[in-house]
Amino acid sequence: AMLLRGGDGRPVKMVGCTVDVTEKKRAEEQIAHHKRQLEFVLSAAGVGTWLNAFPLGDLNWDEATRALFFVKPGEKATAELFWSRLHPDDREPTRLAVEAAIRDRTLYEIDHRAVRPDTGEHRWIRSAGQATYSPDGTPIRFDGINYDITARKRAEDAVREREAFIGGILGSITDGFFVLDTDWRFTFANDEIVRRFGRGRAEIIGGRVWEMFPDAVGN
């Protein structure tokens, strides 16, 4: 609006216009609604987000990501803190994965461990993200998600330990010993069976009895 004055300086007219912003407001409300829905879904799924601008100094982590990396309330999330929270064995692979994703414009995806500094507790985290670039090719953002895969990793470790234990027992049997599944495929063969069959273990495992020994099956 604009106030118009007469020659004596007194206001004589107000000129203005009105604009219908209903559609704009509806769009803003829709965006806000979708944002709340996304935040709810991510939170329910245990997924944290990171939305970081280059250069990577202070990091924009949501509460879920802060919790995954053992960041205390009020503690600032920084690139330095991120590297310090990673397990020492995972720092170099993570650095190389970040550099490759930015350089090659590919998806960044890695499993690494976050370590709690006061207790040494660690959890496995899957991180995935991608960089955004300016028109001249300069990376300007690096955004992505994190989620906890500790339970899956522990289950995988338990399976490997059990298989190694069973394999050790079966492998120690001096007589020939093998295991078949319901499709008559070899799933295990100890050293004596490998010696007797005269074939490599990789060739035996997964093969069906009649495929490997056709003469043993009647016509």
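You'll find the structure just up there.
Residues numbered from 1 in each chain as written. Predicted model: local features only at pLDDT ≥ 70, side-chain atom pairs only at ≥ 80, totals over all residues. Heavy atoms only, no water.

**Student:** What's the story with the overall build of the protein in this structure? I'm lost.
**Tutor:** In terms of helices and strands, the protein carries eight helices and eight strands. Out of the 219 residues belonging to the protein, those deemed buried represent 27%. Long-range contacts, defined as pairs at least 24 residues apart, comprise 33% of the intrachain contacts of the protein with a sequence gap of at least 6. As presented, the protein carries roughly 15000 Å² of accessible surface, and 56% of it is formed by carbon and sulfur atoms. (Helix = DSSP H or I, 4+ residues; strand = E, 2+ residues; numbered from the N terminus. Buried < 20%, exposed > 50% of the residue type's maximum accessible area, 1.4 Å probe, protein only. Contact = heavy atoms within 4.5 Å. Areas by Shrake-Rupley, 256 points an atom, 1.4 Å probe, with all protein chains shown as cover.)

**Student:** What's the story with the pairing of strand β8 (residues 186-189) in this structure? I'm lost.
**Tutor:** Every regular strand shows the same layout, with side chains that alternate between the two sheet faces. In this structure, strand β7 (residues 178-180) lies alongside β8, joined through three bridges in antiparallel fashion. By the bridge assignment for β8, Phe 178 is matched with Ala 189. Where β7 folds back onto β8 in an antiparallel hairpin, the turn is made up of five residues, including Trp 184, whose phi is positive at roughly 65°. (Pairing = 2+ DSSP bridges.)

**Student:** What is the right way to look at a nonpolar patch on the surface in this model?
**Tutor:** Taken together, Met 2, Leu 4 and Val 12 make up a surface patch of nonpolar side chains, about 290 Å² in accessible area. The residue Val 12 is located in strand β2 (residues 11-15) in this model. (Patch = residues over 30% accessible without salt bridge, like charges linked within 9 Å, V, L, I, M, F, W, Y side chains within 5 Å. Salt bridge = Lys/Arg side-chain N within 4 Å of Asp/Glu carboxyl O.)

**Student:** Honestly, the pattern of salt bridges in this entry has me stumped. Any pointers?
**Tutor:** Oppositely charged side chains are able to pair whenever their charged atoms sit close together. Applying the stated criterion across every chain, the model contains 21 salt bridges. Between Glu 203 and Arg 199 there is a salt bridge; the shortest N-O distance is 3.7 Å. Assessed through its relative accessible area of 48%, Glu 203 is described here as partly exposed. Overall, the relative accessible area of 27% leaves Arg 199 in the partly exposed class.

**Student:** When you look at helix α4 (residues 88-104) in this model, what are you seeing that I'm missing?
**Tutor:** Since the α-helix advances by 3.6 residues per turn, residues separated by three or four positions end up pointing in the same direction. With 17 residues, α4 extends 25 Å from end C-alpha to end C-alpha; this agrees with the ideal 24 Å at 1.5 Å per step. If you check which residues of α4 are buried, you get Asp 90, Thr 94, Val 98, Ala 101 and Ile 102. Seen end-on, α4 carries its buried residues on one side only, within an arc spanning 95°. Opposite the buried face of α4, at more than 90 degrees from it, the exposed residues are Asp 89 and Arg 103. If you follow the buried residues of α4, they end up packed against α3 (79-85), β4 (108-115), β5 (122-133) and β6 (139-148). Phi turns positive, to about 55°, at Arg 105, one or two residues after α4. (Expected span 1.5 Å × (residues − 1). Arc of directions from axis to C-beta.)

**Student:** Mind showing me how you'd approach the nonpolar core here?
**Tutor:** It is characteristic of soluble globular proteins that their nonpolar side chains tend to be buried jointly. Trp 61, Phe 69, Phe 82, Ile 102, Tyr 108 and Phe 142 are the most contacted members of the largest nonpolar core, which totals 21 residues. Those elements that provide at least two residues to this core are α3, α4, β4 and β5. The residues contacting Phe 142, other than those within four sequence positions of it, are Trp 50, Leu 51, Asn 52, Phe 54, Val 98, Ile 102, Tyr 108, Gln 130 and Ala 131. Judged by nonpolar contacts, the second largest core, of six residues, contains Phe 186, Ile 193, Ile 204 and Met 212. (Core = buried A, V, L, I, M, F, W, Y, C linked by side-chain atoms within 4.5 Å.)

**Student:** What is the right way to read the packing of aromatic side chains from this model?
**Tutor:** Geometry of an aromatic ring pair is reported as the spacing of the ring centres plus the angle between the planes. Tallied over the entire structure, the rule returns 11 aromatic pairs. Both rings, one in Trp 50 and one in Tyr 108, keep their centres 6.1 Å apart while their planes meet at 80°; by these two values the pair is edge-to-face. Placement of the pair is Trp 50 in strand β3 (residues 47-53) and Tyr 108 in strand β4, with a sequence separation of 58 residues. Here Trp 50 falls in the buried class, since its relative accessible area comes to 6%. Look at Tyr 108 and you get buried, because its relative accessible area is 3%. Relative to Phe 69, the ring of Trp 61 has its centre 5.1 Å away and its plane inclined at 35°; by these criteria the two rings are tilted. Take Trp 61 and Phe 69: they sit in the same class, and that class is buried. Above the plane of the ring of Tyr 133 lies Arg 105, whose end atom (NZ or CZ) is 4.0 Å from the centre. (Phe/Tyr/Trp six-rings, centres within 6.5 Å; stacked < 30°, edge-to-face > 60°. Lys NZ or Arg CZ within 6 Å of the ring centre and 35° of its normal.)

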